[in-house]
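Analysis of the macromolecular model
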Amino acid sequence: MKQQFDLDPADIAAHAPLLRGRKLTAAVAFVAGTGFTLFGYDQGVMSSLITGNQFEATFPEVVVEVSHPNHATLQSFTIAIYEVGCLFGALSNLWVGDRLGRRRTIVVGGGIMIVGAILQTTAFSFSDLIFARIFTGYGNGLITSTVPTYHAELSPSAKRGRMIMMEGTLIVVGLDLANDNDQIRFFVNWSSAQWRVPIALQLVFEIIMVTCIGFLPESPRWLVKRGRNAEAMAVISAMEDKPPTDPEVQRTYYGIREAVAVETSSQGSLRELTTGGHSQNFRRTVIAVVFMIMQQLTGINLVTLWTIVFQRLGLSDVNARITSVANGAEYVLASIAAYYAIDYVSRRQLMLIGAIGQCIVMLLLAVLGYINNTPAQIVSVVLLFGFNTFFAFGWLGLAWLYCAEIAGLRTRAPTNALSTASNWTFNFVVVMVVGPAFNNISWRTYIVFAALNAAIVPIVYFFFPETGGRSLEDLDVVFALAYITGEDPVKVSLRKDVPLAGSQEADEILGVSPGVRYHPTEKPPTPSSSPEKAKTPV
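Only a predicted model underlies this, so the values are computations on that prediction, with no experimental measurement involved. (Residues numbered from 1 in each chain as written. Predicted model: local features only at pLDDT ≥ 70, side-chain atom pairs only at ≥ 80, totals over all residues. Heavy atoms only, no water.)

Let's talk about the overall build of the protein chain
Looking only at helices and strands, the protein chain has 25 helices and zero strands in total. Evaluated residue by residue, the protein chain yields a buried proportion of 58% over its 538 residues. Across the protein chain, the fraction of contacts at a sequence separation of at least 24, relative to all contacts at a separation of at least 6, is 81%. Roughly 20,700 Å² of accessible area belongs to the protein chain as shown, and the carbon and sulfur atoms make up 65% of that amount. (Helix = DSSP H or I, 4+ residues; strand = E, 2+ residues; numbered from the N terminus. Buried < 20%, exposed > 50% of the residue type's maximum accessible area, 1.4 Å probe, protein only. Contact = heavy atoms within 4.5 Å. Areas by Shrake-Rupley, 256 points an atom, 1.4 Å probe, with all protein chains shown as cover.)

Following this line, the structure appears as structure tokens:
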């Protein structure tokens, strides 16, 4: 006997995930966290290896000498070319993300990274290494543009903030592991294992991620888009650890159906990214892309990818590496503190605090760089630790969280693909520019990043809506209400009286006709008491 939402209980039970409730949330967080630890590790592993004597012996193209001044550019290129592969991987998700689904995209990306890691580890020529880094980056681009969406769509709204902020912490853990491993291997100067082993270690994360995700369910949002409604209901029920008949489970399910119904008139093409109206897809896509660009323009890679920065501050080669390790450890601790702060401070407030703090640090670094004596160098090292702290609170995990939240269901995959692509593009730009900038304008480089951080503050304040405390579907209502009333979406997002997705009021705001779908009241109607609501239209 079918229930009021026209789904067969037996069909729902047949699609029940292996895990439920906290166990399911923890398992999804583990797989997503493994993906982001891999992201951090693979991004950071090359920055210290590249100056090792065994790496230089194998790839003399990166040895910077007076007779080969162009090798400084090749050194930056070797690190940054990885971001080019990531860029193309993220952009390809515009076409494959919604076709393959979240899980299969992650598996494909992980498989590509496994092959790429093997190619990097076994490289004997500079061209082989560059190709392998581009190939590996392609897989990582697929993963980083999918994992935040997958994690957000499989997290209850009350826990979503912490869960994805944890990904930021694990990016730093990955960077820290890569950095620590590189620094230890730096002293193993008699074998190519000095650089081959650290590169090969990423295989551990890749194999764990690809294997474990096979035991997890697909995103219920993607399942509804594909008409697999019973499976979607089973996943939502497992997420909430409640039966399918529970009002909260049904509200979530109907909220997703509502989001799909709003856009049934379109064909799901990339043109949707440029549409306005109730969905405000273009505005939301631009916000996500700009956010990721701004994350890179804060100057974080100046701190995390360049042990040479500490050398420029007067530290010896060994001391610079030790300080880099300590810097990474402090970065992890700051990101853990941000994990707890997300439940008590709004998204917008964290962004603003981070940008203002980063601006002040960069200005102070410029002043101290101008003074350039031993006390100034010591204070500068301390300030770089402070920069990490501000970034961890406002721009690390929050970038991935916010971009996954701000996009509508139908455009979430392509929007995250574009925003991730913009992140990798400007990651490449910053990594390529930082070295030459220090060589040419020295301490004035900090002034450039101070100005960029200052520019971020008004952009966030006037154009970035608050996403905290709402379900992903609730944000569709926020943008639709802003469109109807002509209000600023930022102001609407701060209101407390916006109807919840799945309610009658939300239907009216979104323009969903009564014949499109039905939603339960506080006590779901039974087939006998509400025969006219016995079916949910397909």
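Anyway, onward from the coordinates.
Quick look at the layout of surface pockets
Quantified by volume, the largest pocket comes out at close to 420 Å³. In terms of lining residues, the largest pocket is bounded by 25 residues, among which Glu-466, Gly-468, Gly-469, Arg-470 and Lys-496 are the most central. At the level of secondary structure, the elements contributing two or more residues to the lining of the largest pocket comprise helix 8 (157-185) and helix 18 (347-371). Of the residues that constitute the lining of the largest pocket, the class distribution is nine nonpolar, seven polar and nine charged. (1 Å grid on protein atoms, 1.4 Å probe; cavity = no way out; pocket = protein on both sides within 12 Å on 5 of 7 lines; lining within 4 Å. Points joined across faces, edges and corners; volume = space filled by probe spheres on them. Nonpolar A, V, L, I, M, F, W, Y, C, P; charged D, E, K, R; others polar.)

A word on the nonpolar core
Of all hydrophobic cores here, the largest spans 120 residues; its most connected members are Phe-55, Phe-291, Met-351, Trp-395, Tyr-446, Val-460 and Phe-464. Aside from chain neighbours lying at most four places away, what touches Val-460 is Met-294, Arg-348, Met-351, Leu-352 and Trp-395. Counting eleven residues, the second largest nonpolar core, distinct from the first, contains Val-477, Val-478, Leu-481 and Ala-506. (Core = buried A, V, L, I, M, F, W, Y, C linked by side-chain atoms within 4.5 Å.)

Let's talk about the packing of helix 18 against helix 19 (residues 374-394)
Interhelical geometry of helix 18 versus helix 19 gives an angle of 165 degrees and a closest axis separation of 8 Å. With respect to their mutual orientation, helix 18 and helix 19 come out roughly antiparallel. Of the two elements, helix 18 crosses helix 19, and the hand of that crossing is left-handed. Here helix 18 contributes Leu-350, Met-351, Ile-353, Gly-354, Gly-357, Gln-358, Val-361, Met-362, Leu-364, Leu-365, Leu-368 and Ile-371 to the contact with helix 19, which in turn contributes Ala-376, Val-379, Ser-380, Leu-383, Leu-384, Gly-386, Phe-387, Phe-390, Phe-391, Phe-393 and Gly-394. (Axes fitted to C-alpha atoms, helices over the stretch in contact; angles between N-to-C directions. Parallel < 35°, antiparallel > 145°, perpendicular 65-115°, else oblique. Left-handed = near helix turned anticlockwise from the far one by under 90°.)

Description of a nonpolar patch on the surface
Taken together, Phe-30, Leu-201, Val-204 and Ile-208 make up a surface patch of nonpolar side chains, about 320 Å² in accessible area. Relative to the assigned elements, Phe-30 resides in helix 2 (residues 21-49). (Patch = residues over 30% accessible without salt bridge, like charges linked within 9 Å, V, L, I, M, F, W, Y side chains within 5 Å. Salt bridge = Lys/Arg side-chain N within 4 Å of Asp/Glu carboxyl O.)

Focus: the packing of helix 18 against helix 20 (residues 397-406)
Two elements in contact, helix 18 and helix 20, have axes separated by 11 Å at closest approach and are oriented at 140 degrees. On the basis of the axis angle, helix 18 is oblique to helix 20. At the point where helix 18 passes helix 20, the crossing takes the left-handed sense. On helix 20, the residues touching Arg-347, Leu-350 and Met-351 of helix 18 are Leu-398, Leu-401, Tyr-402 and Glu-405. When its residues are assigned to classes, the contact of helix 18 with helix 20 shows five nonpolar, no polar and two charged.

Looking at the environment of Ile-171
Tracing the chain through its elements places Ile-171 in helix 8. Each C-alpha atom, one on Ile-171 and one on Leu-396, is 8.5 Å from the other, the two residues being 225 residues apart in sequence. Not counting residues within four places of it along the chain, the set of residues in contact with Ile-171 comprises Phe-36, Phe-39, Gly-40 and Trp-400.

Comments concerning the packing of aromatic side chains
What describes a pair of aromatic rings is the distance from one ring centre to the other and the angle between the planes of the rings. This structure, assessed with the given rule, holds 18 aromatic pairs. Note on Tyr-41 and Phe-205: the rings are 5.8 Å apart at their centroids and 50 degrees apart in plane angle, and the pair reads as tilted. Of the two residues, Tyr-41 is situated in helix 2 and Phe-205 in helix 10 (residues 202-212); the sequence distance between them amounts to 164 residues. A relative accessible area of 2% means that Tyr-41 is categorised as buried. A centroid spacing of 6.0 Å and a plane angle of 25 degrees characterise the contact between Phe-131 and Phe-135, whose relative ring orientation is stacked. Note that Phe-131 and Phe-135 are positioned in helix 6 (residues 126-144) at a spacing of four residues, about one turn of the helix. The exposure class of Phe-135 is partly exposed, given its relative accessible area of 29%. (Phe/Tyr/Trp six-rings, centres within 6.5 Å; stacked < 30°, edge-to-face > 60°.)

Considering unusual backbone geometry
A negative phi angle characterises most non-glycine residues, just as the trans form characterises most peptide bonds. The backbone phi angle of Gln-280 is positive, close to 50 degrees, even though this residue is not glycine. Its location among the elements puts Gln-280 in the loop between helix 13 (247-262) and helix 14 (281-297). With a phi angle near 55 degrees, Ser-442 is a residue other than glycine that sits in the positive phi range. Structurally, Ser-442 is set in the loop between helix 21 (412-441) and helix 22 (444-463). You can call Ser-442 partly exposed: its relative accessible area is 35%.

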